[in-house]
Amino acid sequence: AQPYSLSLNPVLTASGVKGKPVTSLSSEGDGIFGYIQSVIHDKQETESPFMVLDLGVVMDLMDKWRTMLRMVQPFYAVKCNPDPSLLGSLAAMGSSFDCASKSEIEAVLSLGVSPNCIIYANPCKSESHIKYAASVGVNVTTFDSEYEVEKIRKWHPECELLLRIKPPEDGGARCALGRKYGALPEEVPTLLQAANDAGLKVIGVSFHIGSGDADSRAYHGAIAAAKGVFEMASQLGMAKMHVLDIGGGFTSGPGFDAAAMHVNKALESNFGNEEGITVIGEPGRYFAETAFTFATKIIGKRVRGELREYWISDGIYGSFNCIMFDFATVTCRPLVMCGENMVPMCFKDSKTFSSTVFGPTCDSLDTVLRNTQLPELHANDWLVFPNMGAYTTAAGSNFNGFSASAITTYLVYSTPIA
Ligand code: PLP
């Protein structure tokens, strides 16, 4: 197989990341925590929660992706976290983008990214969004129904297609996507024929094994199934397919090594003898999750016997919507007021209490943590939540007047310990 060949040249430089403070840090001695202390110190009276995006983490992840999945060009899934600084830095690092709507395409184009570096990876698009994609030259999209073929034929006949298939094995992910998207094996010939009859070019196949803790062995079956579709297209006399889109489903950490190993093996055994295949992926969580740390202030407290209850300045209608929609669990570390300063509190050494942490809205569902052990905390202390970049602020609301979109992101650049 050849390395990817879609047009993928980054058009941004690091200066494309604008308008936010950038601080250079060493991650020795927990640099992010130290940086958060300094932001809180500078903000003094503020109660507003904030995010810290560590560009050093994003750069490391990109290096790792390029090393371990050399054949796979990343198209970052904007839906996971559309923070402009993250998008800008990924573009500067040579990433391309998976957009699912007009607004996501606009956000990526506004950074100066070429439309050739965007895949419109939503199998069911509204007509006005298809017309917009046509007008700005986003010319590759996915489909899994005959209705979609008809819409695309009508509004964007130059658009090239990837057939989204349902992978044969469910990766057991927290967010299974196969219930909603992906052609079944028996639907594939009809869909290929329909696209061909409509005069549309089907250039390849896409799939998604599911997002969040997916079992990466599922890439084997999915890539083999994609190969079957390539062969079927040839049997139907259609032009040779040349794009394989392996979707998302990656996480950073040790799971990534296993996933890369499974993908590489499956590519080798199914496409190893093929010339001119472009392989792309649509990682979201992989790049966003660990790069963001979230800080929220404790705004209230109640003591009920041995139980401690705290209210913080964001909840499940804001960044913590990941608890409901992404089935995520979150963890925190306290930063407490000590005289004039905020200091991290080590709760290994102090007495802890079973604690509940509520969000700020009036809904009792708005509960971030239950039965978690925390030391005695007080109003005006802060809780710091790591790994808060994936499917968090992206889906927050303005419920009760707490605006998830108003959350500031600060940028830092941490260097890994050698
Ligand atoms: N691509 C598509 C089409 C998706 O629907 C999603 C997530 O829902 C992604 C990519 C990103 O998935 P992940 O965050 O697991 O990498």
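Residues numbered from 1 in each chain as written. Predicted model: local features only at pLDDT ≥ 70, side-chain atom pairs only at ≥ 80, totals over all residues.

Novice: Honestly, the nonpolar core in this entry has me stumped. Any pointers?
Specialist: One recurring pattern in soluble globular proteins: nonpolar side chains tend to sit buried together. In terms of nonpolar packing, the biggest core is built from 125 residues, with Ile118, Leu163, Val205 and Ala226 touching the most fellow members. Here the element with the most residues in this core is helix 8 (residues 218–235); it accounts for 9 residues. Taken domain by domain, the makeup of this core includes at least three residues from each of domain 1 (27–52 + 291–415) and domain 2 (82–283). With near-sequence residues (within four places) excluded, Ile118 lies in contact with Ser96, Phe97, Cys99, Ile105, Val108, Val113 and Val138. (Core = buried A, V, L, I, M, F, W, Y, C linked by C-beta atoms within 7 Å. Buried ≥ 20, exposed ≤ 12 C-beta atoms within 10 Å, placed from the backbone. Helix = DSSP H or I, 4+ residues; strand = E, 2+ residues; numbered from the N terminus. Domains from an automatic or database assignment. Contact = placed C-beta atoms within 7 Å.)

Novice: Honestly, unusual backbone geometry in this entry has me stumped. Any pointers?
Specialist: Glycine aside, residues mostly have negative phi, and peptide bonds are mostly found in the trans state. Phi is positive for Asn380, which is not a glycine, with a value near 85°. With respect to the helices, strands and loops of the structure, Asn380 is situated in the loop between strand 16 (367–375) and strand 17 (382–385). For Asn387, which is not glycine, the phi dihedral falls at a positive 55°. Structurally, Asn387 can be placed in the loop between strand 17 and strand 18 (408–415). With 20 C-beta atoms counted inside 10 Å, the residue Asn387 sits in the buried group.

Novice: What am I meant to see in the domain arrangement of the chain here?
Specialist: Domain annotation for the chain reports domain 1 (27–52 + 291–415) and domain 2 (82–283). Computed from C-alpha atoms alone, the centre-to-centre distance between domain 1 and domain 2 is 36 Å. Contacts between domain 1 and domain 2 engage 6 residues on the former and 7 residues on the latter. Within the side of domain 1 that touches domain 2, the residues separate by chemical class into 4 nonpolar, 1 polar and 1 charged. (Nonpolar A, V, L, I, M, F, W, Y, C, P; charged D, E, K, R; others polar.)

Novice: Would you mind going over the site of the ligand with me for this structure?
Specialist: In the vicinity of the ligand, 16 residues are found, and the nearest of them are Ala77, Ser211, Gly248, Gly284 and Arg285. Considering only residue class, the shell around the ligand consists of 7 nonpolar, 6 polar and 3 charged. (Near = placed C-beta within 6 Å.)

Novice: It is not clear to me how the environment of Gly210 should be interpreted in this structure. Could you clarify?
Specialist: Summarising the element assignment, Gly210 is placed in the loop between strand 8 (201–206) and helix 8. Gly210 sits 38 residues away from Gly248 along the chain, and the two C-alpha atoms are 7.4 Å apart. Setting aside residues no more than four positions away along its own chain, Gly210 makes contact with Asp170, Gly171, Ala173, Cys175, Ala176, Leu177, Gly178 and Gly249.

Novice: So what exactly am I meant to see when it comes to the packing of helix 7 (residues 188–197) against helix 8 here?
Specialist: Geometrically, a packed helix pair is captured by the angle between its two axes and the distance between the axes. Between helix 7 and helix 8, the shortest axis-to-axis distance is 10 Å and the interhelical angle comes to 50°. Between helix 7 and helix 8, the angle is such that the two are oblique. Crossing handedness for the pair helix 7 and helix 8: right-handed. On helix 8, the residues that touch Val188, Pro189 and Leu192 of helix 7 are Val229, Met232 and Ala233. (Axes fitted to C-alpha atoms, helices over the stretch in contact; angles between N-to-C directions. Parallel < 35°, antiparallel > 145°, perpendicular 65-115°, else oblique. Left-handed = near helix turned anticlockwise from the far one by under 90°.)

Novice: Would you mind going over the packing of helix 5 (residues 127–136) against helix 6 (residues 146–155) with me for this structure?
Specialist: Packing of helix 5 against helix 6 brings their axes to within 9 Å, and their N-to-C directions diverge by 45°. When the axes of helix 5 and helix 6 are compared, the pair comes out oblique. Both helix 5 and helix 6 take part in a crossing whose hand is right-handed. Across the interface between the two elements, Glu127, Ile130, Lys131 and Ala134 from helix 5 touch Lys151, Ile152 and Trp155 from helix 6. In the contact of helix 5 with helix 6, the residues fall into 4 nonpolar, no polar and 3 charged.

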